[in-house]
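# Residue-level structural notes
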Amino acid sequence: MQETIQEASSSSKESMRKSWKIAWVHTGDSGGSKRATFDMVRELAHRGHVIDEYIVRIGEPDLINWPLRPFVRESYQYLFPRQTFYDLRPYLIKTWFDLAQNLLKRRSLRSTLEAAATHINSRGYDFVHVDHCSPSYTVLLTTMVEPPSVVYSHEASGVRYQMNDASGLQSEPSGIRRAYRFCCDLAPSTWSRFRERQDLRGLGAARTVFTNSYFSKEAMYQRARRVSLVCRYGVDTVKFRPLGLSVEPMVLSAGRIVEAKQHHLVIEAVAKIHQSRRPPVVIATPTSETRHEDLAYFSRITEMAKAVGVDLTFRCKPSEAELVALYNQSLMLVFVPIMEPFGLVALEAMACGTPVIGVREGGIQESVRDGQSGILVNRDSTELAQAIDHLVQNPDVRNQLGQQAGMYVRSEWTWAQSIDRYEKEVEKLLTGNLAGVSRY
């Protein structure tokens, strides 16, 4: 991590070069990658670069959360047709019907990408930036565009979101049952392998690949045999800052309502704290109350909280100002997703003077300093409960960690430092100096 900090420490004035024309391709979602994209584009535009936005995705984009329009010259949309899902029975028929639909839409997907590439090639850009979360259709643009392509991989591998049992059937010793499950799984696995090949092909064609952490860099090499460059996220310390609000006795968990975010582990840990000092849990999620990604998981954690006596509330689609206030008012952020590649919300919380309790894995190990800006534990609800209870019972320790966290982020995790690093490596790409970067 120190290496990246040193390399990114040059001043903005020193890193400023000629104004580039950039085609910025992203999927227009509302997650952490979009938040990072928003700040990257804002900082680059502030430095005088000219950016056109290309939204390439399935279905309608999210134009409300972190819109790039204020910072870009032009905005274009290339939308894939959304697949029509039918609730067919038995499940075996549905899986093969879905595969047939996916295969039929391949030509349409490629036509959409080719149309976007043709437009990009006609505009005289210095380079093309493609945001990537594995697996991605959009990354195939690197095989079609003429300017040099840069891929920023926000999630090098999507394995943590994959279900262990795609069919939803429980394993049974019966040979007939095993054969049926094999036939059910064959269709979705065939399409997954196709998407994987396309994703790896797009990554292989990119001139440069950035990742957001050393953890992601390792995952990228293991998956794609690409040596990537670490260009860490930053945080907008003007917006995310201490507000002087009164701290309330609540634990904050943040992220989408999916099992990979592990909100249930937070509830399980809080339930182990004595009832007399057990804090309520607030989950801040970018999705609306009626559109949670995994309704079964939403129901599960809601029922779990009732069963174990934990006061649970949801803050759905909070505005940026509301999110900053939540960070400020919380005793702590408890952030425990499975193998999170970076964890932008941890940086935001620390910038607001709120300590973070996290699991000692993934990218959060690179952003949270154990014992200085937060506490890192193993993925164990008892250890997690002890860490939470420690800060509940020791407000002086909590306040000291929070103050140290704020100073730490402001000194080492700004977007100016991140974009210094980005500009430096792109300059090498455009001048042909790619020493030390290998595709293998």
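Rules used throughout
Residues numbered from 1 in each chain as written. Predicted model: local features only at pLDDT ≥ 70, side-chain atom pairs only at ≥ 80, totals over all residues. Heavy atoms only, no water. Core = buried A, V, L, I, M, F, W, Y, C linked by side-chain atoms within 4.5 Å. Buried < 20%, exposed > 50% of the residue type's maximum accessible area, 1.4 Å probe, protein only. Helix = DSSP H or I, 4+ residues; strand = E, 2+ residues; numbered from the N terminus. Contact = heavy atoms within 4.5 Å. Pairing = 2+ DSSP bridges. Axes fitted to C-alpha atoms, helices over the stretch in contact; angles between N-to-C directions. Parallel < 35°, antiparallel > 145°, perpendicular 65-115°, else oblique. Nonpolar A, V, L, I, M, F, W, Y, C, P; charged D, E, K, R; others polar. Right-handed = clockwise from strand over helix to strand, strands pointing away. Phe/Tyr/Trp six-rings, centres within 6.5 Å; stacked < 30°, edge-to-face > 60°. Lys NZ or Arg CZ within 6 Å of the ring centre and 35° of its normal. Polar contact = N/O pair within 3.5 Å; in protein donor to acceptor, adjacent residues only side chain to side chain. pLDDT = per-residue confidence, 0-100. Expected span 1.5 Å × (residues − 1). Arc of directions from axis to C-beta.

## Here we look at the nonpolar core
Among the nonpolar cores identified, the biggest contains 54 residues, and Val356 and Tyr422 are the most heavily contacted of them. Ranked by the residues each element gives to this core, the list is headed by helix 11 (residues 344-351), at 7 residues. Beyond its immediate chain neighbours, meaning those up to four positions away, Tyr422 contacts Trp24, Met40, Leu44, Phe127, His129, Val150, Phe210 and Cys231. With 33 residues, the next largest nonpolar core counts Leu109, Tyr125, Val128 and Leu203 among its residues.

## Thoughts on the environment of Thr302
Within the secondary structure layout, Thr302 lies in helix 9 (residues 295-308). Separated by 38 residues in the primary sequence, Thr302 and His264 place their C-alpha atoms 9.1 Å from one another.

## Section: the sheet that holds strand 8 (residues 251-254)
Spatially, 6 strands are ordered 10-9-8-11-12-13 in an open sheet, and the strand pairing comes out parallel. On the outer flanks of this sheet lie strand 10 (312-316) and strand 13 (374-377), each paired with one strand and no other. When strand polarity is set aside, the average angle formed by the axes of neighbouring strands in this sheet is 25°. Relative to strand 13, strand 12 (residues 356-359) is paired through 4 bridges, and the arrangement is parallel. Bridge pairing in strand 13 places Val356 opposite Gly374. Packing against the sheet, helix 8 (residues 263-271) makes contact with strand 8, strand 9 (281-285), strand 10 and strand 11 (332-335), and its axis sits at approximately 165° to strand 8. Contacting strand 8, strand 11, strand 12 and strand 13, helix 13 (residues 381-393) runs over the sheet at an angle of about 160° to strand 13.

## Details of the packing of helix 3 (residues 32-46) against helix 15 (residues 415-431)
Helix 15 packs onto helix 3 with a crossing angle of 75° between their chain directions and a minimal axis gap of 10 Å. Put simply, helix 3 runs roughly perpendicular to helix 15. Across from Ala36, Asp39, Met40, Arg42, Glu43 and Leu44 in helix 3, the residues of helix 15 making contact are Trp415, Ala416, Ile419, Tyr422 and Glu423. When the residues that make up the contact of helix 3 with helix 15 are grouped by side-chain class, the tally is 7 nonpolar, no polar and 4 charged.

## Focus on the sheet that holds strand 5 (residues 149-155)
Across the sheet, 7 strands lie side by side as 3-2-1-4-5-6-7; this open sheet has parallel pairing. The sheet is open, and its two borders are formed by strand 3 (75-80) and strand 7 (229-230), each paired with just one other strand. Where strand 2 (residues 50-58) lies against strand 3, 6 bridges are found, and the strand directions are parallel. The residue of strand 3 that forms the bridge with Tyr54 is Tyr76. Here helix 3 sits on the sheet in contact with strand 1 (21-26), strand 2, strand 4 (127-133) and strand 5, set at roughly 170° to strand 1.

## Concerning the pairing of strand 12
Within a regular strand, side chains alternate between the sheet's two faces. A two-sided burial pattern is seen for strand 12, the buried positions comprising Val356 and Gly358 on one face and Ile357 and Val359 on the other. For strand 11 and strand 12, the ladder comprises 3 bridges, and the chain directions are parallel. Looking at the pairing, Val334 lines up with Ile357 of strand 12. Following the backbone out of strand 11, through helix 11 and into the adjacent parallel strand 12, one traces a crossover that is right-handed.

## Remarks on the packing of aromatic side chains
All told, the structure shown has 18 aromatic pairs when counted by the stated rule. In textbook terms, an aromatic cluster arises when at least three aromatic residues are bridged by ring pairs, as seen for Trp20, Trp24, Phe127, Tyr152, Phe210, Tyr233, Phe342, Tyr408, Trp413, Trp415 and Tyr422. Sitting above the plane of the Tyr137 ring, Arg195 keeps its charged end 4.2 Å from the centroid. Against the face of Trp413 rests Arg232, its NZ or CZ located 3.6 Å from the ring centre.

## With respect to the environment of Asn121
With respect to the helices, strands and loops of the structure, Asn121 is situated in helix 5 (residues 106-121). When near neighbours in sequence (up to four residues on either side) are disregarded, Asn121 contacts Met144, Val145, Glu146 and Pro147.

## Notes on helix 11
Across the 8 residues that make up helix 11, a large majority, 8, are buried. When we look at burial in helix 11, the residues that qualify are Leu344, Val345, Ala346, Leu347, Glu348, Ala349, Met350 and Ala351. Directly beyond the C-terminal end of helix 11, a positive phi value near 80° is found at Gly353.

## Some points on the pairing of strand 6 (residues 208-211)
Here strand 6 shows a buried face lined by Thr208 and Phe210 and a second buried face lined by Val209 and Thr211. Sheet topology note: the strand 5/strand 6 ladder contains 4 bridges and is parallel. Its bridge partner being in strand 6, Val151 is matched across the sheet by Val209. Taken together, the 2 bridges between strand 6 and strand 7 define a ladder with parallel strand orientation. Looking at strand 7, one finds that Phe210 is bridged to Leu229. Read as a crossover between parallel neighbours, the route from strand 6 over helix 7 (residues 214-224) to strand 7 is right-handed.

## Structural notes on the environment of His49
Inspection of the secondary structure assignment puts His49 in the loop between helix 3 and strand 2. Its relative accessible area of 4% is what places His49 among the buried residues. Along the backbone, His49 and Ser157 are 108 residues apart, and their C-alpha atoms lie at a distance of 30 Å. When near neighbours in sequence (up to four residues on either side) are disregarded, His49 contacts Lys18, Ser19, Trp20, Ile22, Leu44 and Glu423. Engagement of the side chain of His49 in a polar contact is seen with the backbone nitrogen of Trp20, the distance being 3.0 Å.

## What to know about the confidence of the model for the chain
For the chain, the mean per-residue pLDDT works out to 89, and 90% of the residues sit at or above 70. Per-residue pLDDT stays below 50 along residues 1-16; that stretch engages in 28 contacts with residues further than four places along the chain or on separate chains. Across residues 435-440, where pLDDT falls below 50, the model places 13 contacts with residues more than four positions away in sequence or in other chains.

## Notes on helix 14 (residues 395-412)
With 18 residues, helix 14 extends 26 Å from end C-alpha to end C-alpha; this agrees with the ideal 26 Å at 1.5 Å per step. Every buried residue of helix 14 is accounted for by Arg398, Leu401, Gly402, Ala405, Gly406, Tyr408, Val409 and Glu412. Seen along its axis, helix 14 keeps its buried residues to an arc of 165°; they face one direction. Pointing more than 90 degrees away from the buried face of helix 14 are the exposed residues Asp396, Gln403 and Met407.

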